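Survey of secondary and tertiary structure
Residue strings, one per chain:
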Amino acid sequence: QVRLVESGGGLVQAGGSLRLSCAASGRSFSIEVMAWSRQGPGKERDLVERILSGGDTNYADSVKGRFTISRDNAENTVYLKMNSLKPEDTAVYFCKAELPAEGINYWGNGTPVTVSS
């Protein structure tokens, strides 16, 4: 079992920045991929950015150049630094841990981000 706890969400004006954190506990040594997804009002949950254990990253085109994912393996924590925030970035942001060898994914409960215009 892996437990994920997100933090760092809140209200920010357009153009501002936030940093989200996700702390993993439990069988965190088995996590190969950590990712952030988001779900805006009335929308489906979409991938924002993911990072593999070796440091390679994938990201959505909508956040390219603005968001940066990073990972502290020693602390079992993944971060999402969000710059130049836009109102369309408003969503609940979810942390995800992928254990592909076991075919299991875990999700956190999410942290809300609201960007005002």
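Burial along strand β7 (residues 67-72) is one-sided: the residues Phe67, Ile69 and Arg71 are buried and none of Thr68, Ser70 and Asp72 is. Bridge analysis of β7 against strand β8 (residues 77-82) gives six bridges, and the strand direction is antiparallel. Its bridge partner being in β8, Ser70 is matched across the sheet by Tyr79. Remark: four residues form the turn of the hairpin made by β7 and β8, two consecutive strands paired antiparallel; Asn76 in that turn has positive phi of roughly 55 degrees.

On strand β1 (residues 2-7), burial follows the alternation: Val2, Leu4 and Glu6 on one face are buried, whereas Arg3, Val5 and Ser7 on the facing-out side are not. Sheet topology places β1 next to strand β3 (residues 18-26); six bridges connect them, and they run antiparallel. Pairing of Glu6 across the sheet is with Cys22, part of β3.

Per the counting criterion, the structure on display carries one aromatic pair. The side chain of Arg45 reaches across the aromatic face of Phe94, ending 3.6 Å from its centre. Above the plane of the ring of Trp107 lies Arg45, whose end atom (NZ or CZ) is 4.6 Å from the centre.

Counting 28 residues, the largest nonpolar core has Leu4, Met34, Trp36, Leu80, Met82 and Tyr93 as its most contacted members. For this core, the elements supplying multiple residues, two or more each, are β1, β3, β4 (33-39), β5 (45-52), β7, β8, β9 (91-99) and β11 (111-116). If we ignore the near neighbours within four places in the chain, the residues touching Tyr93 are Glu6, Leu20, Trp36, Ser37, Arg38, Val48, Phe67, Leu80, Met82, Gly110, Thr111 and Val113.

So, about the sheet that holds β7. An order of β1-β3-β8-β7 is seen for the four strands of this open sheet, with the pairing classed as antiparallel. Looking at strand neighbours, the two that pair on one side only are β1 and β7, the edges of this open sheet. Taken over all neighbouring pairs, the strand axes of this sheet differ in orientation by 15 degrees on average, direction set aside. Sheet topology places β3 next to β8; six bridges connect them, and they run antiparallel. Counted as the bridge partner of Arg19 is Lys81 from β8.

What the rule picks out here adds up to four salt bridges. Arg66 is the salt-bridge partner of Asp89, the closest N and O atoms lying 2.7 Å from each other. Placement of the pair is Asp89 in the loop between β8 and β9 and Arg66 in the loop between β6 (57-59) and β7, with a sequence separation of 23 residues. By the burial criterion, Asp89 is buried, and Arg66 matches it. Across the pair Lys96 and Glu98 runs a salt bridge, and its minimum N-O distance is 3.5 Å. For Glu98, a relative accessible area of 13% gives the class buried. Within this structure, Arg38, Arg66 and Asp89 form a network of salt bridges that share partners.

Here is what the cut-offs are and how they apply
- Residues numbered from 1 in each chain as written.
- Predicted model: local features only at pLDDT ≥ 70, side-chain atom pairs only at ≥ 80, totals over all residues.
- Heavy atoms only, no water.
- Buried < 20%, exposed > 50% of the residue type's maximum accessible area, 1.4 Å probe, protein only.
- Helix = DSSP H or I, 4+ residues; strand = E, 2+ residues; numbered from the N terminus.
- Pairing = 2+ DSSP bridges.
- Phe/Tyr/Trp six-rings, centres within 6.5 Å; stacked < 30°, edge-to-face > 60°.
- Lys NZ or Arg CZ within 6 Å of the ring centre and 35° of its normal.
- Core = buried A, V, L, I, M, F, W, Y, C linked by side-chain atoms within 4.5 Å.
- Contact = heavy atoms within 4.5 Å.
- Axes fitted to C-alpha atoms, helices over the stretch in contact; angles between N-to-C directions.
- Salt bridge = Lys/Arg side-chain N within 4 Å of Asp/Glu carboxyl O.

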